[in-house]
Amino acid sequence: MELAFSPAQEAFRHEARAFLEAHVPAVGSLASLDTAEGFEQHRAWEQVLFEERWSVVSWPEEYGGRDVGILEWLIFEEEYYRARAPKRVSQNGIFLLAPTLLEFGTPEQRSRFLPPMAAGTEIWCQGWSEPDAGSDLAGIRSRAERVDGGWKLNGQKTWASRGAFAEWCFGLFRSDPEAERHAGLTYFLIPTNAEGVTVRPIPQIDGETGFAEIFFDEVFVPDDQVLGGIGDGWKVAMATAGSERGLSLRSPARYTEASLRLVDLYESLEQDLGSAAGPRGVIADQIAKAYAASEAYRLHTYWTATKVREGHVVGPESSANKIWWSETDVAIHEAALALLGEGAEVIQDGELAEWLDGYLFSLSGPIYAGTNEIQRNVVAERMLGLPRK
Ligand SMILES: Cc1cc2nc3c(=O)[nH]c(=O)nc-3n(C[C@H](O)[C@H](O)[C@H](O)COP(=O)(O)OP(=O)(O)OC[C@H]3O[C@@H](n4cnc5c(N)ncnc54)[C@H](O)[C@@H]3O)c2cc1C
């Protein structure tokens, strides 16, 4: 067993590090990507990454990538977080839709959609949830009806992250109301400026309005914007969900970098924290657990990546993965707020303010990408083989 990186992988790491050190904007210099201004600033950053082929390193070269393997992708992610580079405004496209396009898309669809996604000129949102169908995704009611040359879409989606600004949406619609719930769905690629689409922003807990409801009123979508087969929407959506819960969306570097910063924060405040047997000990314990959880996720991911290189396809274990990363994120930020004390709530600016922002966002981790209750059901039934009732 070889546990060290190869010289080529080390060279790749150095090249990535040099690029990032030279180009990453200062922490806090971009507005939030959930605001109109910040969305465009983050798009401009995607452009910088794309120009030197760092935006989608694992993709084939013809679509703007470097065609590197999963280990190199993990190395890039480590460098990306180490450099404290901006959040990826293209994340729904590059991390969720792209792997699905590579698996189910036609060659024409891949050539049409992947390059502008890599360049950040077309940014995607996910149109799955509906007011009465979140956890129960197969219960969606938005419908697609066959018309000459394509489909007419009607219905409503909600909670589309950055849907207020995105150019495109990948959505699930019911194309056969007579079929069994999972069998009657189809996956569509829809421009948000199509006639009949209305996007309505939803204010979040922090007042930003990246979320959106999306209404579809007789929206025409041509046949070549169906991804996968008619009626195959559930299968295609589960491939996307696997990327969302598994490795793609939340790589371990996000958590290992945050837990290292947490340790630094502890060291900077240690003398104000009282005795080792009192609050200091309790907080140190919390920090050690959060740090260990991030490290465990990193090591588990390298183990999974090795299996993937040997042909393993990640299945329901992506649900266990999702529970782990989302709960680790909460643990890291809870420990940070415990360290900062009540004053954390009133820190408005600078690096320390990020802990409160990060905490608020971490609370949504157990909800988005499918709630952790649902992931625990998947783990129980599909990994452990337990009965449904
Ligand atoms: C930050 C964030 C970003 C999001 N981005 C998007 C996006 O871009 N696109 C998109 O389509 N959606 C998005 N969502 C929506 C998200 O997918 C849903 O909120 C989620 O699937 C839960 O659905 P719901 O809100 O309708 O809750 P419900 O399904 O109504 O669930 C309510 C509660 O009941 C529990 N519950 C429901 N069914 C079961 C069951 N069978 N067993 C045990 N417990 C159960 C749930 O766990 C939850 O605690 C986002 C959500 C958040 C918070």
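Note that this is a predicted model, so its numbers are computed, not measured.

Our next topic: the site of the ligand. The immediate surroundings of the ligand are formed by 17 residues, with Ser129, Ser135, Trp159, Thr371 and Glu373 found nearest. Contact distances for the ligand include 2.7 Å between an oxygen atom and a backbone N or O atom of Ser129. Across the complex, the protein chains shield 64% of the 970 Å² of accessible surface that the ligand would expose by itself. Among the elements of the structure, strand 3 (150-160) and helix 11 (372-383) are those that each provide at least two residues to the shell around the ligand. Looking at the shell around the ligand residue by residue, the class counts come to seven nonpolar, nine polar and one charged.

What follows concerns helix 7 (residues 253-269). Here helix 7 is 17 residues long and its end C-alpha atoms lie 24 Å apart, about the 24 Å a rise of 1.5 Å per residue gives. Those residues of helix 7 lying buried are Ala253, Arg254, Tyr255, Thr256, Glu257, Ala258, Ser259, Leu262, Leu265 and Tyr266. Against helix 3 (70-82), helix 8 (279-309), helix 9 (317-340) and helix 10 (350-362) lie the buried residues of helix 7.

A contiguous nonpolar patch, built from Met383, Leu384 and Leu386 and spanning about 300 Å² of accessible area, is present on the exposed surface. Inspection of the secondary structure assignment puts Leu384 in the segment after helix 11. Judged by its relative accessible area of 58%, Leu384 falls in the exposed class.

This paragraph deals with the side chain of Glu78. Relative to the helices and strands, Glu78 is located in helix 3. Within the local environment of Glu78, its side chain forms a polar contact with the side chain of Arg13, the two groups lying 2.9 Å apart. Among all residues touching Glu78, those that are not within four sequence positions of it are Arg13, Ala253, Arg298 and Tyr302.

For the rest of this paragraph, the subject is the pairing of strand 1 (residues 124-127). Judged by which residues are buried, strand 1 turns out to be covered on both faces: Trp124 and Gln126 on one side and Cys125 and Gly127 on the other are all buried. Where strand 1 meets strand 4 (residues 168-174), four bridges bridge the pair, whose relative direction is parallel. By the bridge assignment for strand 4, Cys125 is matched with Cys169.

If you look at the biggest cluster of nonpolar residues, it comprises 50 residues, and the most contacted ones within it are Trp59, Leu97, Met117, Tyr187 and Leu189. With seven residues, the single largest contributor to this core is helix 3. Those residues in contact with Met117 that sit more than four places away from it in its chain are Trp59, Ser90, Gly93, Ile94, Leu97, Ala98, Leu101, Glu122 and Trp124.

What counts, and at which threshold
- Residues numbered from 1 in each chain as written.
- Predicted model: local features only at pLDDT ≥ 70, side-chain atom pairs only at ≥ 80, totals over all residues.
- Heavy atoms only, no water.
- Near = heavy atom within 4 Å.
- Polar contact = N/O pair within 3.5 Å; in protein donor to acceptor, adjacent residues only side chain to side chain.
- Areas by Shrake-Rupley, 256 points an atom, 1.4 Å probe, with all protein chains shown as cover.
- Helix = DSSP H or I, 4+ residues; strand = E, 2+ residues; numbered from the N terminus.
- Nonpolar A, V, L, I, M, F, W, Y, C, P; charged D, E, K, R; others polar.
- Expected span 1.5 Å × (residues − 1).
- Buried < 20%, exposed > 50% of the residue type's maximum accessible area, 1.4 Å probe, protein only.
- Contact = heavy atoms within 4.5 Å.
- Patch = residues over 30% accessible without salt bridge, like charges linked within 9 Å, V, L, I, M, F, W, Y side chains within 5 Å.
- Salt bridge = Lys/Arg side-chain N within 4 Å of Asp/Glu carboxyl O.
- Pairing = 2+ DSSP bridges.
- Core = buried A, V, L, I, M, F, W, Y, C linked by side-chain atoms within 4.5 Å.

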